[in-house]
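Per-entry structural report
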Amino acid sequence: MDTSNSTHSTRDVDEKRIRELVARTEKAQIDPDVLPALHTSGLVLINFGGRRLFGRETFASAMAAALSSPLKDIRTALEVNDIRFATPDVAIVSLTKTIHDERSEADASEPPLTGVLTYVMTRAGDDWRIALSQTTPIV
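Residues numbered from 1 in each chain as written. Predicted model: local features only at pLDDT ≥ 70, side-chain atom pairs only at ≥ 80, totals over all residues. Heavy atoms only, no water.

Moving on to the overall build of the protein chain. Secondary structure summary: the protein chain contains two helices and six strands in total. Ordering the α and β elements of the protein chain from the N terminus gives α-β-β-α-β-β-β-β. Buried positions account for 31% of the 139 residues belonging to the protein chain. The contacts of the protein chain with a sequence gap of at least 6 include a subset with a gap of at least 24, amounting to 53%. (Helix = DSSP H or I, 4+ residues; strand = E, 2+ residues; numbered from the N terminus. Buried < 20%, exposed > 50% of the residue type's maximum accessible area, 1.4 Å probe, protein only. Contact = heavy atoms within 4.5 Å.)

Set out below in structure tokens:
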């Protein structure tokens, strides 16, 4: 029995759902109620500055603190460059992250405006969640 079309079709659906999740994360970047829920409870997140956070709750707290500071005026745009499946339930997503600093005091001493972002996503029912997020600045 040939299952290649079925596997290809499933992979296409998964890639579409992963791209939709990336779009939801970009849209929810200033919504502390929505963005953390798009991640697993055991999330590991390394941000642009190298700060490592363990767990969705820690991420939610850090996000709330950032949104009550001038960091609330920094926006990011995400571009999916590649999606690879380590297993049918684990995807490695390579992205380009572009940072738009809308703070009035932004100057040339700010960090690079572009980074590479890697997500490790895991299947959650019919959807996907981010289990690892690692951003590396491009110098």
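Following the structure, the description resumes.
On to the sheet that holds strand 2 (residues 52-54). Taken in spatial order, the six strands make up an open sheet running 2-1-6-5-4-3, and their pairing is mixed. In this open sheet, the two strands that pair with only one neighbour each are strand 2 and strand 3 (74-87). The average undirected angle you get between the axes of adjacent strands in this sheet is 20 degrees. Where strand 3 and strand 4 (residues 90-101) come together, 12 bridges link them in antiparallel fashion. In the strand pairing of strand 4, Thr-87 is matched with Val-90. Here helix 2 (residues 56-67) sits on the sheet and contacts strand 1 (39-46) and strand 2; the angle it forms with strand 1, its principal contact strand, is near 60 degrees. (Pairing = 2+ DSSP bridges. Axes fitted to C-alpha atoms, helices over the stretch in contact; angles between N-to-C directions.)

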